[in-house]
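Each chain, written out:
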Amino acid sequence: MTRETVLARIKAAQAAVADSGGGGSQGGQAPATAELPVLPVPQSFADPAALFIERARQLGVGVEIAVSIDDAAGRVPAWCRHKSVHRVAVWDTPDLAPIVASLRTEGIQILRPEAPLGELATADLGITGAAWGVAETATLVLPSSLAQPRLTSLLPPIHLAVLSADRILPDLPALFRSPGRLPSALTLITGPSRSADVGLTPVLGAHGPMEVMVFLVRNVAAEAASPLA
Amino acid sequence: MTDHPGSLATAEASGAGATPRIDMIGNSERALRDQDLQDALGRAMPSFRRQRAAAVTELPEWEALRTTAAAIKDHTLANLEAYLGLLEARVREAGGVVHWAADAAEARRIITDLARARGLRRTVKSKSMTTEEIHLNPALEAAGVKVVETDLGEYVVQLAGDTPSHIIAPIIHKSAASVAELFTRKLGVPLYERPEDITRAARQALRAEFLAADLGVTGVNFAIAETGTIVVVENEGNARLTTTRPRVHIAIMGIEKVIPRLADLGVFLRLLARSSTGQRASVYVSLLTGPRRAGEVDGAEEFHLVILDNGRSRLLADPRMREALRCIRCGACLNVCPVYERAGGHAYESVYSGPIGAVITPALEGLERGHELPFASTLCGACAEVCPVRIDLPRMLLELRGRAVRAGLVGRVDRLFARAWTFVMWDPTRLRIVAAVARALQRLIVRDGRIPWLPYPLSGWTAHRAAPPLSGRPFRDRRGR
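About the cut-offs
Residues numbered from 1 in each chain as written. Chains lettered and ligands numbered in written order. Predicted model: local features only at pLDDT ≥ 70, side-chain atom pairs only at ≥ 80, totals over all residues. Helix = DSSP H or I, 4+ residues; strand = E, 2+ residues; numbered from the N terminus. Rg over C-alpha atoms; globule rule 2.2 N^0.38 Å. Buried ≥ 20, exposed ≤ 12 C-beta atoms within 10 Å, placed from the backbone. Contact = placed C-beta atoms within 7 Å. Pairing = 2+ DSSP bridges. Nonpolar A, V, L, I, M, F, W, Y, C, P; charged D, E, K, R; others polar. Axes fitted to C-alpha atoms, helices over the stretch in contact; angles between N-to-C directions. Parallel < 35°, antiparallel > 145°, perpendicular 65-115°, else oblique. Left-handed = near helix turned anticlockwise from the far one by under 90°. Core = buried A, V, L, I, M, F, W, Y, C linked by C-beta atoms within 7 Å. Domains from an automatic or database assignment. Expected span 1.5 Å × (residues − 1).

**Looking at the overall build of chain B**
On a plain count of helices and strands, chain B comes out with 21 helices and 10 strands. On C-alpha atoms alone, chain B measures out to a radius of gyration of 25 Å, which is about the 23 Å that the 2.2 N^0.38 rule sets for 481 residues. Expressed along its principal axes, the backbone C-alpha trace of chain B runs to roughly 85 × 55 × 50 Å. In chain B, buried positions account for 54% of the 481 residues. Sequence separation of at least 24 residues holds for 74% of the intrachain contacts in chain B that already meet a minimum separation of 6.

Set out below in structure tokens:
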């Protein structure tokens, strides 16, 4: 009932403006998308990965550069010890398997996606991948899936993301260029959680992680060989 | 009163008649005497302006982006019925449920009924102007559902029994010390001094609420028609928790929040973050398409989208006011407004304050109630210059002033004075004579080169400061020298 009421009001409003020469349409089911303006083309940066690193650091995001996922896997445990991390929530994706294996050998407890919420809430660190990075804004893009829960990058006080350098796009328009099939949640993360509500003072870690760390896997040899580089 | 099809003064406006006229003038006078408020606004506003300016000058294509965004919004508004229909179909395909609400009462009923039917008891909410607009919290509480605001500023507002005073900085009117005192009283925590410790105390208190909640309520920044996706933008992470943890997620949006394509989001996100907080990107942008899918371990199991009219279709039907529906609620027009900077958000007695509030409050609540608001502007034009979607706010403020006069809402003395002013200004000879008389008379009241007091009906000019006297030699006579 209300649906029809609201839509009828909108239809009448569109007709009223169209009559007065205000560029309204008569409604109907197929909007003329051809009338939409041409969108800006994505920017082009000589070295998107370098820009990502620079802008991430401006946000207080730590960036470690690894030459391979095995290189990253070898260095994550030491970093965890340095941060006094004992319990880690982690995505169940194949590309993170080497890191999980090396954390296990160090005796660090691993919480899989299906771990109960009560345990997840006590994790010291959440480790995720990232489907893309966005250079202009130093944004990490995380799709949800069975193996990729949303809370892994949200509940623990520290978030560590593993990002492949060849997945770095220049800007947000490049990310949104084609819709494809979206996951139930596509989360864009730009720096640590923050709030400036109290006394207009920026404070990190309002509700989400107070620290974000990126292991950027940059296989220089492979990049040089890639026709896209 | 006017010849417009969707007159803003129609009595069907929710609340018109029932609630008294907004006393913008009286409220502003009280705000000017509140030194704490003046200090807080005087610190915050210049800092917001600097942050925005730095972020905007970094993008050479800024002006082109604004033009593109305005064109996308205009196209969408001209085809709103079709885009809302597409959005509804896509949300359903993704497994969500769409509800339509003609007014605030209906939106409240939809949400409380959903909660009651499912036995939901504990709600976490992320910041949403639309839920403020429909006064959702008291309705949920009355239905026996506990509601906790989780944006830090809104949480403080709720604990204090206050209302937000800025679109993006709800407690801009409160000092850190007063928040610390509030937390000690309400949460039993020690009296902290540092904003870090105060924020940490709220994080801990609210984490428990998130883990226990069964209903999450959010607003919507953008709704993408072609994909059925809602987009929620924030910095704290509370909206992510609100949409991820509770079993049921209800999002509420005004009809104007829809955008056609995913690609359009790239334009709006860049404009919103830089305009509101001067960030290149907001910390968290959640693109949510339906509820969690089979096998996923988190995310809401049920997703409901409430699409609200509540006076917006009247704006849509009004050719001279329609572009107000382009607004993306960034707050930039508040931050540059000399009236907002002195009067503060509460003076507008509306969820929407500042220049955009002065335009849309009369639309949502009736011109009878809000007719003083469009007069609370110097028409300096700063708001139109910063608006990321190029809303011509000064033009609309003038339009509403005209309507208020034609509707007989402006006092007889003001109207007589305006008529006399027009008569004098119409003809150089009349102006010359009146100015000569005024120059002669002002000798009686000038003290130390200023006019400390003027008689009624001019007394308003000297209520708060001394006015400068008329120059002995008019500018007109100095031409050519």
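Once you've had a look at it, read on.
**Some points on the overall build of chain A**
Counting its regular elements, chain A contains seven helices and 12 strands. Here chain A has a C-alpha radius of gyration of 22 Å; the compact-globule value for 229 residues is 17 Å, and the former is much larger. Overall size of chain A, expressed as C-alpha extent along the three principal axes, is 75 × 45 × 40 Å. Looking at chain A residue by residue over its 229 residues, the buried ones come to 47%. Sequence separation of 24 or more characterises 70% of the internal contacts of chain A that already satisfy a separation of 6 or more.

**Description of the sheet that holds strand β6 (residues 139-143) of chain A**
With mixed pairing, the eight strands of this open sheet are ordered in space as β8(A)-β5(A)-β6(A)-β9(A)-β9(B)-β6(B)-β5(B)-β8(B). The open sheet has two edge strands, β8 (168-169) of chain A together with β8 (258-259) of chain B, and neither has a second partner.

**Here's the deal with the interface of chain A and chain B**
Counting from both sides, the interface comprises 69 residues of chain A and, opposite them, 81 residues of chain B. Looking at the side of chain A that touches chain B, the elements with two or more residues in it are α1 (2-19), α6 (172-175), β9 (185-189) and β10 (194-195) of chain A. In terms of residues, the side of chain A that touches chain B owes the most to one element, α1 of chain A, which gives 13 residues. Looking at the side of chain A that touches chain B residue by residue, the class counts come to 33 nonpolar, 26 polar and 10 charged. As paired elements, β9 of chain A and strand β9 (residues 284-288) of chain B share five bridges and run antiparallel to each other. By the bridge assignment for β9 of chain B, Leu 188 of chain A is matched with Val 285 of chain B.

**A closer look at the packing of helix α8 (residues 152-160) of chain B against helix α9 (residues 176-187) of chain B**
All names here are of chain B. Viewed as axis vectors pointing N to C, α8 and α9 meet at an angle of 60 degrees, and their least axial separation amounts to 11 Å. In terms of orientation, α8 lies oblique with respect to α9. The crossing of α8 and α9 is left-handed. Contacts between α8 and α9 involve Val 156, Leu 159 and Ala 160 from the first element and Val 179, Leu 182 and Lys 186 from the second. Of the residues in the contact of α8 with α9, the class split is five nonpolar, no polar and one charged.

**Thoughts on the nonpolar core**
Residues and elements named next belong to chain B. Ranked by internal contacts, the top residues of the largest apolar core, which has 197 residues, are Phe 268, Val 306 and Cys 333. In terms of residues, this core owes the most to one element, helix α12 (residues 262-276), which gives nine residues. When residues are assigned to domains, this core turns out to be shared by domain 1 (1-68 + 326-410) and domain 2 (79-310), each giving three or more.

**Here's the deal with the domain arrangement of chain B**
Residues and elements named next belong to chain B. The domains assigned to chain B are domain 1 (1-68 + 326-410), domain 2 (79-310) and domain 3 (414-478). If you average the C-alpha positions of domain 1 and of domain 2, the two centres end up 24 Å apart. With 29 residues of domain 1 at the interface, the matching set in domain 2 holds 27 residues. Those elements giving two or more residues to the side of domain 1 that touches domain 2 turn out to be α2 (35-57), α3 (62-78) and α14 (332-336). A per-element tally of the side of domain 1 that touches domain 2 places α2 first, with 10 residues. Its residues assigned to classes, the side of domain 1 that touches domain 2 shows 17 nonpolar, eight polar and four charged.

**Comments concerning the packing of α3 of chain B against α12 of chain B**
Residue and element names in this part refer to chain B. Closest axis-to-axis distance for the α3/α12 pair is 10 Å, and the angle between their directions is 125 degrees. As judged from the angle between their axes, α3 and α12 are oblique. Once α3 is placed against α12, the crossing between them reads as left-handed. Contact residues: α3 offers Leu 65, Arg 66, Thr 68, Ala 69 and Ile 72, while α12 offers Asp 264, Val 267, Phe 268, Arg 270 and Leu 271.

**Looking at the pairing of strand β10 (residues 302-308) of chain B**
The side chains of a regular strand alternate between both faces of the sheet. All names here are of chain B. Summarising burial for β10: six of the seven residues are buried, a large majority. Across five bridges, strand β1 (residues 97-101) lies against β10 in parallel orientation. Among the inter-strand pairings, Val 98 is bridged to a residue of β10, identified as Leu 305. Inspection of the sheet shows strand β7 (residues 248-254) paired to β10 by seven bridges, in the parallel sense. Note that in β10 the partner of Gly 254 across the bridge is Leu 308.

**Looking at the environment of Ala 40 of chain B**
Residues and elements named next belong to chain B. For Ala 40, the position within the fold is in helix α2. Note on Ala 40: 22 C-beta atoms within 10 Å, which makes it buried. Between the C-alpha atom of Ala 40 and that of Glu 341, which follows or precedes it by 301 residues, the distance is 9.6 Å. Non-local contacts of Ala 40, meaning those with residues more than four positions away in its chain, are made with Ile 172, His 173 and Ser 175.

**A look at helix α16 (residues 354-365) of chain B**
All names here are of chain B. The terminal C-alpha atoms of α16, which comprises 12 residues, lie 16 Å apart, in line with the 16 Å expected from a rise of 1.5 Å per residue. With respect to burial, α16 is a largely interior element, 12 of its 12 residues being buried. Taken residue by residue, α16 has Gly 354, Pro 355, Ile 356, Gly 357, Ala 358, Val 359, Ile 360, Thr 361, Pro 362, Ala 363, Leu 364 and Glu 365 as its buried positions. In this fold, the buried residues of α16 make contact with α13 (312-316), α14, α15 (338-343), α17 (367-370), α18 (382-386) and α19 (393-406). In the stretch just after α16, Gly 366 is the one whose phi turns positive, near 100 degrees.

**Here's the deal with unusual backbone geometry**
All names here are of chain B. For Arg 329, which is not a glycine, the phi torsion comes out positive at approximately 60 degrees. Along the polypeptide, Arg 329 turns up in the loop between α13 and α14. Exposure remark for Arg 329: the 19 C-beta atoms within 10 Å place this residue in the partly exposed category.

**Here's the deal with the sheet that holds strand β12 (residues 211-217) of chain A**
Residue and element names in this part refer to chain A. One open sheet holds the six strands; their spatial order is β1-β12-β7-β4-β2-β3, and the pairing between them is parallel. Each edge of the sheet is formed by a strand with only one pairing partner; in this case those strands are β1 (62-66) and β3 (109-111). Geometrically, the sheet is characterised by an average inter-axis angle of 25 degrees between neighbouring strands, direction not taken into account. Sheet analysis places β1 next to β12, joined by five bridges and oriented parallel. Bridge assignment links Ile 65 to a residue of β12, and that residue is Leu 216. Contacts between helix α4 (residues 97-105) and the sheet are confined to β2 (87-90), β3 and β4 (125-129), with β3 contributing the most and set at about 140 degrees to the helix.

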